[in-house]
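So the chains spell out like this:
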Amino acid sequence: MLHYEKILHYIWRFRLFNFHDLRTSKGDLVEIIHPGNANVDAGPDFYDAKIRIGDTLWAGTVEIHLSSSDWLKHQHQHDKAYDNVILHVVWDDDTAIQRTDRTFIPTLALKHRVSEATIQKIEVLACSSESIPCAQQLKLVDEFYIKQWLDRMLVERLEEKSAYFEALHKQLKGSWEDTFYVGLARSFGFKVNSLPFELLAKNLPQQILAKHKQSALQIEALIFGISGLLHKHYQDEYPKRLKTEFDFLRQKYQLNPLEPSVWKFSKTRPDNFPTLRLAQFAALINQSQHLFSKVTEAPDVKTLKALFSNLNVHSYWSNHYLFDEEAVKSSRNIGDASVNHILINTIAPLLFNYGKQISNPKFADSATTLLENIKAEKNVIINNFTNIGLKIASASESQAVIQLKKYYCDEKKCLNCGIGIKILKV
């Protein structure tokens, strides 16, 4: 017995039923040329369907119900929006249905055309409470089909993440250099402080920084000053010098610092403290010329990584995470995992959107190639999928899996997922 109308929708949409000698309730032969496109708005369930009934080819809409009489319960018999329904697809045909002009609508009953095994598979996927609904059935799907679907998920992921750069590019009046600068700054926030970093970059135009490339101290003063974190009276010589420099530059350029409270330190590892990330960002700005051009022209991952590695972070930070608070001495360079984070979440989406906007597919290819040559991320989502047998070796695959989990598994859209549909057809 079928209990959910949405399952019948999937059975119709993906034609998961026996087609042999397909006939309406009145005995007319039915040929489904196209089942139609799912309608997410009001009105019949599928539009633009093409169906041959007897000798006549019909084009129009299709309505789905568990029982024919549901048409009457839903009051469709009084709604002219349903007059162009060319086929009423039901599980049980319990009554004849008419349009508002009294003409009868052909009915196709599927009750005896769907196997119990298919219904059970659909119910397991559509109604599962598991975080990965197809965990038990995934092994039934050939790796080739999984790879195809993950390729699609990667494109969806890049489209979604690159939308930020598209909006930012418009906001910054079409300047790719400014777009890159603000997006790159945001990436140094590593989620927790991404918004403050973005605000910092918007409050401190890169053109001002460019005027002070000859002085590392002034670059650092501008960045720490705009952050608002030079608001105290410090004891150490280094922050005192930064504050003196910034007080002068602030008046010169009429700059407005952020509120110090926007920065998040709590529940953050010292290596991710915004003070250290600001110092690293200042070092990158200071030692990099024409960084956007270098990123778009980089021939490989190694070259890209080199742009963000081995930064000349001020020696003060080798034994500090905060001003006036000494810490254990160690390297304060950006680690490999953090560089990968920047490449995955900023550089790849930026290249993807840049190529899209200038109509050059080379950059979209560069984005996917970049991700294919970075190791897969490590997080709970990736671990859960590897535990059920999915092979995830590169960032292109881990990004695809994150997209799959977020928009299909979590939303229980298994029957809109290429892997889910393949499971039903095994």
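One can find the structure itself at the top, above this paragraph.
Below you will find a few notes about this structure. Since the structure is predicted, the reported quantities are computational estimates derived from the model, not experimental observations.

## Concerning the packing of helix α5 (residues 176-187) against helix α13 (residues 336-357)
Argument step 1. For the pair α5 and α13, the least separation of the axes is 10 Å and the interaxial angle reads 155°. Between α5 and α13, the angle falls in the class roughly antiparallel. With respect to the hand of their crossing, α5 and α13 are arranged in right-handed fashion. Together, W176, T179, F180, G183, L184 and S187 of α5 and H341, I342, T346, I347, L350, N353, Y354 and Q357 of α13 make up the contact between the two elements.

## Side note on helix α6 (residues 194-203)
Argument step 1. The complete set of buried residues in α6 reads S194, P196, F197, E198, L200 and A201.
Argument step 2. In this fold, the buried residues of α6 make contact with α4 (143-171), α5, α8 (216-227) and α10 (274-287).

## Examining the packing of aromatic side chains
Argument step 1. Per the counting criterion, the structure on display carries 26 aromatic pairs.
Argument step 2. Seen in terms of ring centroids, Y238 and W317 are 6.4 Å apart; in terms of plane orientation they differ by 85°. Their pairing is edge-to-face. One end of the pair, Y238, is in helix α9 (residues 237-253); the other, W317, is in the loop between α12 (301-308) and β7 (320-322), with 79 residues separating them in the sequence. With respect to class, Y238 is no different from W317; both count as buried.
Argument step 3. Ring geometry for Y316 and W317: centres 5.3 Å apart, planes at 90°, overall edge-to-face. You'll find Y316 and W317 in the same group, each marked buried.
Argument step 4. The ring of Y164 has R186 lying over it, and the distance from NZ or CZ to the ring centre is 5.2 Å.
Argument step 5. If you follow R332 out to its NZ or CZ, it ends over the ring of Y321, 4.0 Å from the centre.

## Section: the nonpolar core
Argument step 1. Ranked by size, the top nonpolar core spans 132 residues in total, and within it W12, I223, I347, L404 and I419 carry the most contacts.
Argument step 2. With 10 residues, the top contributor of residues to this core is α13.
Argument step 3. Excluding residues that lie within four positions of it along the chain, I347 makes contacts with F180, V295, L304, F308, I342 and L370.
Argument step 4. Core analysis: the next-biggest nonpolar cluster, separate from the first, contains five residues, Y82, V85, I97 and I105 among them.

The rules behind each value
- Residues numbered from 1 in each chain as written.
- Predicted model: local features only at pLDDT ≥ 70, side-chain atom pairs only at ≥ 80, totals over all residues.
- Heavy atoms only, no water.
- Axes fitted to C-alpha atoms, helices over the stretch in contact; angles between N-to-C directions.
- Helix = DSSP H or I, 4+ residues; strand = E, 2+ residues; numbered from the N terminus.
- Parallel < 35°, antiparallel > 145°, perpendicular 65-115°, else oblique.
- Left-handed = near helix turned anticlockwise from the far one by under 90°.
- Contact = heavy atoms within 4.5 Å.
- Buried < 20%, exposed > 50% of the residue type's maximum accessible area, 1.4 Å probe, protein only.
- Phe/Tyr/Trp six-rings, centres within 6.5 Å; stacked < 30°, edge-to-face > 60°.
- Lys NZ or Arg CZ within 6 Å of the ring centre and 35° of its normal.
- Core = buried A, V, L, I, M, F, W, Y, C linked by side-chain atoms within 4.5 Å.

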